[in-house]
Amino acid sequence: MKHAKKNNRNKRRKTSKNKKAKYAKFLSKIRSEINTQESKLKPFEVIVLATMSSGKSTLINALIGHELLPASNEACTSRVFKIEDLDVQKNFTARLELESEKTGWIDVTPEHLMELNNSSEKGMIHIRGDIPSIENFDKQLVLFDTPGPNNSQDKSHGELTKQILNDGKSGLIIYLLNATQIGVDDDAQLLSMVEEAFGQSNNHKDIVFVLNKADQFDEEDGESLKGIVSSVSNYVEKHGFNTPIVIPVSAHAALLARKRSNNLPLTRKENRAFENYLDHVDEGFPDIGRYAKSVDSISFDLEAASDEEKVIYYSGILILEKLLENKVKN
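Residues numbered from 1 in each chain as written. Predicted model: local features only at pLDDT ≥ 70, side-chain atom pairs only at ≥ 80, totals over all residues. Heavy atoms only, no water.

### A look at the confidence of the model for the protein chain
Any residue range with low pLDDT should be treated as having predicted coordinates unsuitable for detailed reading.
Turning to step 1, where the next piece is worked out: Scored by pLDDT, the protein chain comes out at a mean of 82, with 78% of its residues at no less than 70.
Turning to step 2, where the next piece is worked out: When the criterion is pLDDT under 50, residues 26-34 qualifies, and its contacts beyond four places in sequence or with other chains add up to 2 contacts.
Turning to step 3, where the next piece is worked out: For residues 150-155, every residue scores under 50 in pLDDT, and the model assigns this stretch 6 contacts once sequence neighbours within four places are set aside. (pLDDT = per-residue confidence, 0-100. Contact = heavy atoms within 4.5 Å.)

Right, here's the structure in full:
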């Protein structure tokens, strides 16, 4: 009897393992088919431009939902990062694409990316994974994170930026401005570079100006974010960009909220910052994005939202994501 029971248990285990194996194989096949189909989508290429310390990597990390790209006050990005949005691939993989060959795909962490970034080999870092805030429809979102061209220690950064601007493939440029440093010479030079690459005939319909660190103004102290956005609009118009789209955001607020939503740990300093952002919402300053210029706002139910959702809305990033998703749809 005991022997029979043992045999039955073994049979059930074997059957269960077989079912799991078949299910895993089925999922793998489905994912492979979706990946193949997704790879056939026409890419919608977005170049992300900014001078150093504008928060470019923080913005992209906020879109991804965790800190993947290296970010600090130093010049982190020394080469082009290509980030391909694959909706079905939940983990992120990367490879270094050299001038003569491509390395194999590996699962990546920020430490791996830093190692690839610091490699002496010349080439682009290609990253694949799901950007959950954007769904790919008729096109596939591809972000290009470019090195800050104003790095005085490495003039090749400016040449890399010129090269990617002049390849003519991009569908959109996201130009990130530091709200606390408007009108500096480095931005003037980069704006001239963009203007030279695209010319007046384009009318700059495919350029979006994202005003980062917009949370660092105190409305109660007389610092008007609406006035700042208007000044930025006038500033870029003087550089030849007609009727610009300007979206104020706090990439830092969005990143912290998304990390919490994804159950990722925050430091004590980050937790304090998150609570401060939440206080702004509760005190009657529900969103930075309400001051966006030349782009539609979005509706949002604050009463039904979680604390994380409130801070994400407050950050203004949802307006940028809606714009990106509409571009991918059309």
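The rest of the description comes next.
### Concerning the pattern of salt bridges
Turning to step 1, where the next piece is worked out: A full pass over the atoms with the stated rule returns 10 salt bridges.
Turning to step 2, where the next piece is worked out: One salt bridge connects Lys56 with Asp145, and the closest N-O pair in it is separated by 2.6 Å. Here Lys56, found in helix H2 (residues 56-64), pairs with Asp145, found in strand E6 (residues 139-145); they are 89 residues apart in sequence, far enough to count as distant.
Turning to step 3, where the next piece is worked out: With a closest N to O distance of 3.0 Å, Arg95 and Glu97 form a salt bridge.
Turning to step 4, where the next piece is worked out: Arg95 sits in the buried class, given a relative accessible area of 17%. (Salt bridge = Lys/Arg side-chain N within 4 Å of Asp/Glu carboxyl O. Helix = DSSP H or I, 4+ residues; strand = E, 2+ residues; numbered from the N terminus. Buried < 20%, exposed > 50% of the residue type's maximum accessible area, 1.4 Å probe, protein only.)

### Things to note about the environment of Asn271
Turning to step 1, where the next piece is worked out: Residue position: Asn271 is located in helix H8 (residues 268-282).
Turning to step 2, where the next piece is worked out: A relative accessible area of 30% places Asn271 in the partly exposed class.
Turning to step 3, where the next piece is worked out: A sequence separation of 14 residues divides Asn271 from Ala257, and the C-alpha atoms of the two residues are 9.7 Å apart.
Turning to step 4, where the next piece is worked out: The residues contacting Asn271, other than those within four sequence positions of it, are Arg260 and Leu266.

### Notes on the sheet that holds E6
Pairing between the strands of a sheet is mediated by backbone hydrogen bonds and can be parallel or antiparallel.
Turning to step 1, where the next piece is worked out: Spatially, the 9 strands line up as an open sheet ordered E4-E3-E5-E2-E6-E1-E7-E8-E9, and their pairing is mixed. The open sheet has two free edges, formed respectively by strand E4 (106-107) and strand E9 (245-248), since each of these has just one partner strand.
Turning to step 2, where the next piece is worked out: Across 2 bridges, strand E3 (residues 93-98) lies against E4 in antiparallel orientation. Across the sheet, residue Ala94 finds its bridge partner in E4, namely Ile106. (Pairing = 2+ DSSP bridges.)

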